[in-house]
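# A structural walkthrough
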Amino acid sequence: MSTTAINVRGLTKNYGVLRALDALDLTLPTGQIVGLLGENGCGKTTLLKVLAGVLADHEGDVTIAGHRPGPESKAHVSFLPDASFLPDNARVSECVRLYRDFFADFDVAKAEDLIGYFGLQQSTRLKAMSKGMREKVQIALAMSRQATVYLLDEPISGVDPAARQVILDGMVRNLSEDSLVLISTHLVHDLEPILDGVVLMRHGKVLLEGAVDDLRGQYNMSIDQLFREVYQWSAR
Ligand SMILES: Nc1ncnc2c1ncn2[C@@H]1O[C@H](COP(=O)(O)OP(=O)(O)OP(=O)(O)O)[C@@H](O)[C@H]1O
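Predicted model only: the values in this text are computed from it and were never measured.

Attention shifts here to the sheet that holds strand S4 (residues 59-64). The sheet built from three strands is open, its strands ordered S2-S1-S4 with antiparallel pairing. Two strands close off the open sheet at either side, each with one partner strand: strand S2 (18-29) and S4. Averaged over all pairs of adjacent strands, the angle between strand axes in this sheet comes to 15°, irrespective of strand direction. Across eight bridges, strand S1 (residues 4-15) lies against S2 in antiparallel orientation.

Our focus in this paragraph is the UniProt feature "domain: ABC transporter" (unreviewed entry) in the protein. Residues annotated by UniProt as "domain: ABC transporter" (unreviewed entry) correspond here to residues 6-228. Overall, residues 6-228 shows 35% helix and 28% strand. The separation of its end C-alpha atoms is 27 Å.

The next point concerns the packing of helix H5 (residues 131-143) against helix H6 (residues 161-172). Running from N to C, H5 and H6 cross one another at 15°; their axes reach a closest spacing of 10 Å. Taken together, the axes of H5 and H6 are roughly parallel relative to one another. Crossing of H5 against H6: the hand is right-handed. Residue-level contacts link Gly132, Lys136, Ile139 and Met143 of H5 to Ala163, Ile167 and Met171 of H6.

What counts, and where the lines are drawn
- Residues numbered from 1 in each chain as written.
- Predicted model: local features only at pLDDT ≥ 70, side-chain atom pairs only at ≥ 80, totals over all residues.
- Pairing = 2+ DSSP bridges.
- Helix = DSSP H or I, 4+ residues; strand = E, 2+ residues; numbered from the N terminus.
- Axes fitted to C-alpha atoms, helices over the stretch in contact; angles between N-to-C directions.
- UniProt positions renumbered as here; feature names shortened; annotations may be inferred.
- Parallel < 35°, antiparallel > 145°, perpendicular 65-115°, else oblique.
- Left-handed = near helix turned anticlockwise from the far one by under 90°.
- Contact = placed C-beta atoms within 7 Å.

This is the structure in structure tokens:
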């Protein structure tokens, strides 16, 4: 049975004089994978950071996994930021141990399985890895928590096109139906096959949202095409 995973009302976040999120409203239930889409600077990362509890100082009401963003919510929310956060000198196996020690809901066997599935070695140090390989490690770790909400900020931007499908398949393998995955991405075409829903943002607000199948039927085009239609004028 699906429950409300994210409930946001009137969320405003300013960076000095710049309004990054502007009275944003959003409700997302569990049991789905949702793409968070929009042009550069529309507020996707800022929204994910507020939800993850790493950006305070905002206005409005935010509930995630039944809690306000903070220590309690972090126990139920797996956040994958867009920048590398693991120690450069560590081996993959040490990163797995780090997650095991830090997160009570971390499934070591699942992480090791995913790391193998992604073609990585446990003994390799991160500093010897490419950007795409590091992303695979971070995805494997983030998706191996038994979280209620997964917040993934551009998780496959460094992964080559041929490997993306494998990574996406691995990401959603054995995913609990009681969870929500919210993924920000510009790779709409690559993500579309795994998405149940999308949220399109503009200027710190939700411009359009809905189930992928409904939007495809309503507009008679793919989500990738819809994305291009919606944003083509602002890109000029
Ligand atoms: N730490 C910061 N200080 C000041 N302004 C910021 C900061 N972080 C983001 N911004 C601004 O807030 C706005 C939203 O940025 P954000 O990173 O949330 O956008 P985004 O949709 O994730 O963009 P992209 O698709 O390029 O990653 C942008 O105008 C950006 O310049």
